[in-house]
Amino acid sequence: MGRSFFILWFVAILFADPLQAQERSLQPGIDILHYDFSLSLPDTGRTIEGLALITVRRSPPAGNLILDLVGLRVDGVSVNGRPAGFERKTGSLDIPLAQSLSSLPDTLLVSVRYDGEVSDGLIIHADEKGRWYAFGDNWPTRARYWLPTVDQPAEKATVSWNIDAPRGRMVIANGELVGERSIPAKSGSGALNRTLTTWRTSRPIPPYLMVIAVGPLMKYDLGLTAAGLSEFPPGVRQSVYVVPELADYPPGPFRRAGDIVEFFARTVAPFPYEKLAHVQSFTRYGGMENASAIFYSNDLFEHRSSSTGIIAHETAHQWFGDAVTPRSWGHLWLSEGFASYFEQLWVQHSDGDDAFRKGMTELRKEIISSKATYTRPVIDTLQTNLMQLLNTNSYQKGAWTLHMMRSMLGDSLFFAGIRSYYNHHRHGTATSDDLRESFEQVSHRELRWFFDQWLRWPGIPKLTVRWEYDESLHRVIVGILQDSGVPPYRFPLTIGVHTAAGKTQTATVDVPAQESSHIQVPLEIDSNPVSIVLDPGVELLADIRQE
Ligand SMILES: [Zn+2]
């Protein structure tokens, strides 16, 4: 998600449903392979009719399939074509699968027919001209308000959409467009006044990224981009969808969308999906990285204030978050920290090192001034209110952790580690330990201490640094006190020494995990220096006071 969520954060917390706090553990023996959703959308109002065909691979001991579903009426369930019993609970639909439960896995087709008024998840909006729009907005656990799913990030599946809507509405969804055809209304004159639009993914995605956008949207084609750099040859077809009033807005900042995808594809791996749509929407977030169909907040378009920053952030999520999904919410930084850092990498690529360092300095300031920094670790498996995970730990501190890994390993090992991690977990899920193992394998270094101190403890180093010049040694000696309220940190620190002759020399020292250290800077300095500058390259996340 885009960082402008901060504006909406408090609103979102007020409306947060207590159900969002529940994260059921994965169901043993249940693997969802595919969802086929057929939805019939109304002319006005919020009542939908749905049919979900769910392909489930079941192995012992699974006797039940528990689907998350809130607030809608279930009209019938069948398993492999036979009517099946089910139990409707407040937030779920329990379906017994007690057919042949042999020791072998078997694949079942579960069908769920449902309808009702949608209260969340699918945001339905009628504008002042009475035009009807609907946008999926599922993060983190709101798919269940309109789609029966195993609504967990680790339960990834392919999805197809068959959307029956009144004629004149554009329907955009994940994956590739399979077809559009005119159909009659179920009860009506037989006139072909509705359109059935079908989209399909061939890569598995988690339910929180399964969306449709429906409304009188206008398409602006950005054409084929990133040629040769997609899992789907010949390249990445990109487009922008806007409301009719903004037909003259695109491409705007989206003229850089091709360069952005190409940069990430060259840095990481080929683009993972069939196409990339950028959609003006009514998401509650600044931007939402739905797989192959990014939804941006309506405000960003209305004020014509979309930026390449948010485009880069949401686009980076297509690799990190979407193709490689955090296995559980506690590892959200693997999504948001990556997107935040890759946004800065795009800045470095397009605007240069100074702009990049300025961006990282800004993120560091936000970390230092955030309460969450000192109260929660980045890997926060105890947080049950998932909205609270949208904090500076998941975003800025996650980004800074990657940045420090890059500074420590150097570009070539860092990006080799990123590629190794991505390729190992592409179209699957990952944890922070998976990332650590990738970096350890490419660097032949033990990195548990690094992950522990930056991701598993709250806080950041709080340093008081003094220096003096030793005439007999011709060396600068720095004294470093750590007072962080947690075990002391271990980190490399670059020090620049300004000499009276107007020269600046720099050296990097290893600061040990001690409350107090005295370190000789390995530079031959002829006379008492004028000043020293700590971390001139903006490579250390610390709150530093120099005395
Ligand atoms: Zn994000």
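Draft legend 1. Fine view of the overall build of the chain. For the chain, the count of helices and strands is eleven helices and 29 strands. Relative to the globule expectation of 24 Å for 547 residues, the C-alpha radius of gyration of the chain, 26 Å, shows essentially globular dimensions. In the form shown here, the chain has an accessible surface area of approximately 21600 Å², with 51% of it arising from carbon and sulfur atoms. For the chain, the distance from the average site of its 51 positive side-chain charges to the average site of its 61 negative ones is 4 Å.

Draft legend 2. Highlighting the coordination of the zinc ion. Binding of the zinc ion to the protein goes through Met-1 (N), Met-1 (O), His-313 (NE2), His-317 (NE2) and Glu-336 (OE), at separations of 2.0 to 2.1 Å. Read N to C, the donor residues that coordinate the zinc ion are spaced as M-x311-H-x3-H-x18-E. Residue Met-1 is located in the segment before helix 1 (5-15), and its partner Glu-336 is located in helix 5 (residues 333-351); the two are separated by 335 residues in the primary sequence. Just as Met-1 is buried, Glu-336 falls in that class too.

Draft legend 3. Representation of the layout of surface pockets in the model. Volume-wise, the largest pocket comes out at about 240 Å³. Every residue lining the largest pocket is counted, 17 residues in all, and those nearest its centre are Lys-219, Arg-237, Gln-238, Glu-274 and Lys-275. Listing elements by their share of the lining of the largest pocket, those giving two or more residues are strand 13 (176-183), strand 16 (218-225) and strand 17 (236-242). Here the element with the most residues in the lining of the largest pocket is strand 17; it accounts for four residues. Looking at the lining of the largest pocket residue by residue, the class counts come to seven nonpolar, four polar and six charged.

Draft legend 4. Quick peek at the sheet that holds strand 29 (residues 543-546). Ordered in space as 27-24-23-29, the four strands form an open sheet in which the pairing is mixed. Of all strands in the sheet, those with a lone pairing partner are strand 27 (516-521) and strand 29, marking the two edges. For this sheet, the mean angle separating the axes of adjacent strands, direction not counted, is 25°. The pairing of strand 23 (residues 462-470) with strand 24 (residues 475-482) spans eight bridges and is classified as antiparallel. Bridge pairing in strand 24 places Val-465 opposite Ile-480.

Draft legend 5. Structural context of the packing of helix 2 (residues 257-267) against helix 4 (residues 308-317). Put simply, helix 2 and helix 4 touch, their axes get as near as 10 Å, and they point 40° apart. By the angle class used here, helix 2 and helix 4 are oblique. For the crossing formed where helix 2 meets helix 4, the hand is right-handed. From helix 2, Ile-260, Val-261 and Phe-264 reach across to helix 4, where they touch Thr-308, Ile-311, Ala-312, Thr-315 and Ala-316. A class-by-class count of the residues in the contact of helix 2 with helix 4 yields six nonpolar, two polar and no charged.

Draft legend 6. Expanded view of the packing of helix 5 against helix 6 (residues 353-368). In contact at an axis separation of 7 Å, helix 5 and helix 6 are set at 155° when each is read in the N-to-C sense. One element, helix 5, and the other, helix 6, form an angle in the roughly antiparallel class. Contacts between helix 5 and helix 6 involve Tyr-341, Gln-344, Leu-345, Val-347, Gln-348 and Asp-351 on the former and, on the latter, Asp-353, Ala-355, Phe-356, Gly-359, Met-360 and Leu-363. Of the residues in the contact of helix 5 with helix 6, the class split is seven nonpolar, three polar and two charged.

Draft legend 7. Fine view of helix 9 (residues 411-425). In a regular helix each residue adds 1.5 Å, so 15 residues correspond to 21 Å; helix 9 covers 21 Å between its end C-alpha atoms and thus fits that length. Among the residues of helix 9, those classed as buried are Phe-414, Phe-415, Gly-417, Ile-418, Ser-420, Tyr-421, Tyr-422 and His-425. On the buried face of helix 9, the contacting elements are helix 2, strand 21 (324-326), helix 5, helix 8 (393-409), strand 22 (428-430) and helix 10 (432-443).

Draft legend 8. Expanded view of the packing of aromatic side chains. For the structure on display, the rule yields 35 aromatic pairs. Plain terms: the ring middles of Phe-271 and Trp-319 are 5.4 Å apart, the flat faces sit at 80° to each other, and that makes the pair edge-to-face. Of this pair, Phe-271 sits in the loop between helix 2 and strand 18 (276-281) while Trp-319 sits in the loop between helix 4 and strand 21, and the two are 48 residues apart along the sequence. Across the pair, exposure class does not vary: Phe-271 and Trp-319 are buried alike.

Draft legend 9. View of the pattern of salt bridges. Across all of its chains, the model carries 34 salt bridges by this definition. Between Asp-106 and Arg-58 there is a salt bridge, with the nearest N and O atoms lying 3.0 Å from each other. One end of the pair, Asp-106, is in strand 8 (residues 106-117); the other, Arg-58, is in strand 2 (residues 47-58), and 48 residues separate them in sequence. Judged by its relative accessible area of 18%, Asp-106 is buried. Between Glu-231 and Arg-203 there is a salt bridge, with its nearest N and O atoms 2.7 Å apart. Here Glu-231, found in the loop between strand 16 and strand 17, pairs with Arg-203, found in the loop between strand 14 (194-200) and strand 15 (212-215); they are 28 residues apart in sequence, far enough to count as distant. The exposure classification of Glu-231 matches that of Arg-203, with both residues buried. Residues participating in the shared-partner salt-bridge network are Asp-433, Arg-436, Glu-440, Asp-452 and Arg-456.

Draft legend 10. Main features of the sheet that holds strand 26 (residues 504-511). Spatially, three strands are ordered 26-25-28 in an open sheet, and the strand pairing comes out antiparallel. In this open sheet, the two strands that pair with only one neighbour each are strand 26 and strand 28 (531-534). Between one strand axis and the next, the sheet turns through 25° on average, direction left out of account. Alignment of strand 25 (residues 491-498) against strand 26, held across eight bridges, turns out to be antiparallel. Within strand 26, the residue paired with Pro-492 across the bridge is Asp-510.

What counts, and where the lines are drawn
Residues numbered from 1 in each chain as written. Predicted model: local features only at pLDDT ≥ 70, side-chain atom pairs only at ≥ 80, totals over all residues. Heavy atoms only, no water. Helix = DSSP H or I, 4+ residues; strand = E, 2+ residues; numbered from the N terminus. Rg over C-alpha atoms; globule rule 2.2 N^0.38 Å. Areas by Shrake-Rupley, 256 points an atom, 1.4 Å probe, with all protein chains shown as cover. Lys, Arg positive; Asp, Glu negative; His and termini not counted. Charge placed at Lys NZ, Arg CZ, Asp CG, Glu CD. Donors = N, O, S within 2.8 Å, 3.2 Å for Na, K, Ca; no water. Buried < 20%, exposed > 50% of the residue type's maximum accessible area, 1.4 Å probe, protein only. 1 Å grid on protein atoms, 1.4 Å probe; cavity = no way out; pocket = protein on both sides within 12 Å on 5 of 7 lines; lining within 4 Å. Points joined across faces, edges and corners; volume = space filled by probe spheres on them. Nonpolar A, V, L, I, M, F, W, Y, C, P; charged D, E, K, R; others polar. Pairing = 2+ DSSP bridges. Axes fitted to C-alpha atoms, helices over the stretch in contact; angles between N-to-C directions. Parallel < 35°, antiparallel > 145°, perpendicular 65-115°, else oblique. Left-handed = near helix turned anticlockwise from the far one by under 90°. Contact = heavy atoms within 4.5 Å. Expected span 1.5 Å × (residues − 1). Phe/Tyr/Trp six-rings, centres within 6.5 Å; stacked < 30°, edge-to-face > 60°. Salt bridge = Lys/Arg side-chain N within 4 Å of Asp/Glu carboxyl O.

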